[in-house]
Amino acid sequence: MSGSGEVIRGCVLVVGAGGIAAPAALALAAAGVRELRVADDDQVELTNLHRQILFDDDDVGRPKLDAFAEALRRRFPGLRVDRRYGRFTPSAAAGLMPGVSLVVDATDNFASRFLIADVCRLTRTPVVHAAAIRWRATVMAVAGEGAPCYRCLFEDLPTGDAPDCATAGVAGPVCGVAGAIAADRALAILAGDASIFGRIATYDGLTDTLRSVPVSARPACDLCGSRAAIATIDASRYVVACAAESGSSIPVEGDREGGSPTHVEKDREGGSPTHVDAENDRESGSSTHLKTGEQDHG
C-alpha cells in the first residue's frame, strides 16, 4: 500500500516481465496502483536471477508471467495482474491497448521499443520507455501526443546488430535504477504532472551519476511532426523483431481523456476489443488504425 493508503486509478500496461519491469511493478503497486496488465512470452532462466528480483531458484523454467504475478500478489493482495502471454507485436497490440492509461516499456530490443512508441502515439497513450545495458540506464516519458516522442530522439531502428542485455550484459542494480525511475515517471503521469515530458534521464552506474537532459521535438519527426508519415502500423517497419508479420489489418484505437476521437468496446471478461469505430485524428487528419499482421514472432 502507499503511505497514504490511497488507490491510484488506471491500468498500467507493463511490456516485459524482467529486470526493469520487476522493480517498476513493485514501486507502482506500493504507491497504490491497483491494476497492472503485463505482457511477456519468456520463461525464467537461472541467468535472470541476479537482476529479475521477483524470481528465485524455484521459478526457473516457469513462465515469467506466472511467477511475476504470483510474487506481486503475495506482497499486494489487492493488486489485479492481467497476464497477457506473448510479445507486444503488431497483431497483439489490438488486444493489449484498450483500457490502458499508460504503458511502461521494459523491453530489451529496438524493434519492440519503436513499435510501442508508434502504437502509443497513434492511440494517444502516454508511455515511459526504460532501458538498461551494461552500467547505463535510460528512461524517457512521452506524452500521448508526442512532441517530443521516442522518434524525435532516435528517428528509426538502427541498421545492423544492436547490443542488448543478452549480448552485452547488464549490471543488476542498474536495472533497479531504471525500473525505479520508470515508476516515478509513470506515477507522475497518473497524477497529471506534465513536467516530466520532454526529458530523458540517464544513469551511469560506474560514476553513480544521474542526469536529466531536455529533448526537443523534431518538426520533421515521422511520428509526431507536423507532416507525420506514420499513420498505421506496418509490420515491415519493425523488421528486426516482426519480420514474420505481414499484410492484414486490425484497427485499434485508445480511449484517451481529452484526446483523439476514439470508441472501443471491450469484452468485459477477456479485455479484448470486440468493436472499434475508426475516425481520423483531429490534429493531423491521419487514421489511427493500427495496421497489423496475423502471426506473432517466436
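Residues numbered from 1 in each chain as written. Predicted model: local features only at pLDDT ≥ 70, side-chain atom pairs only at ≥ 80, totals over all residues. Heavy atoms only, no water.

### Quick notes on the overall build of the chain
Inference 1: Of the regular secondary structure elements, the chain holds 8 helices and 10 strands.
Inference 2: Burial analysis of the chain (298 residues in total) assigns 52% to the buried set.
Inference 3: Sequence separation of 24 or more characterises 68% of the internal contacts of the chain that already satisfy a separation of 6 or more. (Helix = DSSP H or I, 4+ residues; strand = E, 2+ residues; numbered from the N terminus. Buried < 20%, exposed > 50% of the residue type's maximum accessible area, 1.4 Å probe, protein only. Contact = heavy atoms within 4.5 Å.)

### Here we look at the state of the cysteines
Inference 1: What the rule picks out here adds up to 0 disulfides.
Inference 2: Between Cys224, a cysteine without a disulfide, and Cys152, which holds the nearest cysteine sulfur, the sulfur-to-sulfur distance is 3.4 Å.
Inference 3: For Cys224, a relative accessible area of 11% puts it in the buried group. (Disulfide = S-S within 2.5 Å.)

### A closer look at the pairing of strand 5 (residues 127-133)
Inference 1: Burial analysis of strand 5 places 6 of its 7 residues in the buried class, the great majority of the element.
Inference 2: In terms of strand pairing, strand 4 (residues 100-105) meets strand 5 through 3 bridges, oriented parallel. In the sheet register, Val104 faces strand 5, and the bridge partner there is Val128.
Inference 3: Alignment of strand 5 against strand 6 (residues 136-142), held across 7 bridges, turns out to be antiparallel. Bridge assignment links His129 to a residue of strand 6, and that residue is Met140.
Inference 4: Remark: 2 residues form the turn of the hairpin made by strand 5 and strand 6, two consecutive strands paired antiparallel; Arg134 in that turn has positive phi of roughly 50 degrees. (Pairing = 2+ DSSP bridges.)

### Observations regarding helix 2 (residues 64-75)
Inference 1: Taking 1.5 Å of rise per residue, the 12 residues of helix 2 would be expected to cover 16 Å, and the 17 Å separating its terminal C-alpha atoms lies within 8% of that figure.
Inference 2: Those residues of helix 2 lying buried are Lys64, Leu65, Asp66, Ala67, Phe68, Ala69, Ala71 and Leu72.
Inference 3: For helix 2, the elements touching its buried residues are helix 1 (21-31), strand 2 (35-40) and strand 3 (80-85). (Expected span 1.5 Å × (residues − 1).)

### What to know about the confidence of the model for the chain
Inference 1: Mean pLDDT over the chain stands at 81; residues scoring 70 or higher make up 75%.
Inference 2: Scored below 50 in pLDDT, residues 242-298 shows 136 contacts in the model against residues more than four places distant or in partner chains. (pLDDT = per-residue confidence, 0-100.)

### Some words on the pattern of salt bridges
Inference 1: Under the defined criterion, the tally for this structure stands at 12 salt bridges.
Inference 2: A salt bridge links Glu35 to Arg80; its shortest N-O distance comes to 2.5 Å. With Glu35 in strand 2 and Arg80 in strand 3, this residue pair connects regions lying 45 residues apart in the sequence.
Inference 3: Using a relative accessible area of 24% as the deciding quantity, one classes Glu35 as partly exposed.
Inference 4: Judged by relative accessible area, Arg80 falls into the partly exposed class, the value being 43%.
Inference 5: Here Arg185 makes a salt bridge to Asp184, at a shortest N to O gap of 2.6 Å.
Inference 6: Residue Asp184 is classed as partly exposed on the basis of its relative accessible area of 42%.
Inference 7: One salt-bridge network, held together by shared partners, links Arg37, Asp82 and Arg84. (Salt bridge = Lys/Arg side-chain N within 4 Å of Asp/Glu carboxyl O.)

### Remarks on the side chain of Asn48
Inference 1: By secondary structure assignment, the location of Asn48 is in the loop between strand 2 and helix 2.
Inference 2: Judged by relative accessible area, Asn48 falls into the buried class, the value being 5%.
Inference 3: Setting aside chain neighbours within four positions, we find Asn48 in contact with Gln43 and Lys64.

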